[in-house]
Amino acid sequence: PSQRRIGLYRSYTAAIDEGWTRWVFDAWHVPYTSLVDSVIRAGRLHDRFDAIVLPEMSAGAITDGLPAIYPAPFAGGLGTRGGDALLAFVRDGGTLVTLGGASRWAITTFDLPLRDASAELDRQQFFAPGSIFRLEVDTTSALAAGVPAASIAWFEQSPLFALRDTTRARIIARFPSRPQDLLLSGWVLGPEHAAGRPALVEVRYGRGRVV
């Protein structure tokens, strides 16, 4: 289709990155539909959407949402039903895009061939609370269409990807291999832990993919 049907997850926890993602879509005139928990849990998402975006937020916030003291429909997150609905969406050919910490949820839920190496490091070993890192982009990928080979990424306590199975995942962008080349703006403790790691990964899953 000429116009992709995009859904953007809108948690009732009011994740700030969801607002920033909407701002980017609005600024670039990208049409999208906001998806709340109940809509995702209802399933049959591939009938309505080609791609769904999970903005930067913790895995716990995605799964659990607001506590039970809040009234319906605001309490609870995606839960098991929502996770199963997104699994079916991707298996049926959909594209799921997870930003920042939401990727930790996807790694576990989809059993992706990745691990988050930042979980093995404490803040005395590696810490970047809000920095701009340089990126090296594989411009042969359709996901990188129009993106220069040298680009940038905002990094704020984000995952550090490590591939467990290189046959199932394609690296679209990675951080520079030399630690001294990593940081463009801000500060980072332990840049050697991020140097050379994948920053953007495409994983095929059923007939669809997780990015």
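Given the structure is predicted, the values throughout are model-derived calculations rather than measurements. (Residues numbered from 1 in each chain as written. Predicted model: local features only at pLDDT ≥ 70, side-chain atom pairs only at ≥ 80, totals over all residues. Heavy atoms only, no water.)

Draft legend 1. A look at the pattern of salt bridges. Following the criterion strictly, the structure yields 12 salt bridges and no others. Notably, a salt bridge pairs Arg 22 with Glu 18, separated by 2.7 Å at the nearest N-O pair. Of the two residues, Arg 22 and Glu 18 are both situated in helix α1 (residues 16-27); the distance of 4 residues between them amounts to about one turn of the helix. Residue classification places Arg 22 among the partly exposed residues on the basis of a relative accessible area of 23%. Owing to a relative accessible area of 6%, Glu 18 belongs among the buried residues under this scheme. (Salt bridge = Lys/Arg side-chain N within 4 Å of Asp/Glu carboxyl O. Helix = DSSP H or I, 4+ residues; strand = E, 2+ residues; numbered from the N terminus. Buried < 20%, exposed > 50% of the residue type's maximum accessible area, 1.4 Å probe, protein only.)

Draft legend 2. Region of interest: unusual backbone geometry. Cis geometry marks the peptide bond from Ala 72 to Pro 73, where omega comes out at 5 degrees. Examined against the element boundaries, Pro 73 turns out to sit in the loop between α3 (59-64) and α4 (79-91). One non-glycine residue, His 29, lies in the positive phi region at around 55 degrees. With respect to the element layout, His 29 can be found in the loop between α1 and β2 (33-35). Overall, the relative accessible area of 71% leaves His 29 in the exposed class. In this structure, Gln 157 is a non-glycine residue whose phi angle is positive, near 50 degrees. Summarising the element assignment, Gln 157 is placed in the loop between β7 (150-155) and β8 (161-163).

Draft legend 3. Seen up close, the packing of aromatic side chains. For the structure shown, the criterion picks out 10 aromatic pairs. With centroids separated by 5.7 Å and ring planes inclined at 65 degrees, the aromatic side chains of Phe 127 and Trp 187 adopt a geometry described as edge-to-face. Of the two residues, Phe 127 is situated in the loop between β5 (114-116) and β6 (131-137) and Trp 187 in the loop between β10 (183-185) and β11 (198-205); the sequence distance between them amounts to 60 residues. A relative accessible area of 16% means that Phe 127 is categorised as buried. Look at Trp 187 and you get partly exposed, because its relative accessible area is 48%. Between Phe 133 and Phe 175, the aromatic rings sit 5.5 Å apart at their centres with planes inclined by 85 degrees, giving edge-to-face as the arrangement. Taken together, the residues Phe 133 in strand β6 and Phe 175 in the loop between β9 (169-174) and β10 connect sequence positions 42 residues apart. We note that Phe 133, like Phe 175, is buried. (Phe/Tyr/Trp six-rings, centres within 6.5 Å; stacked < 30°, edge-to-face > 60°.)

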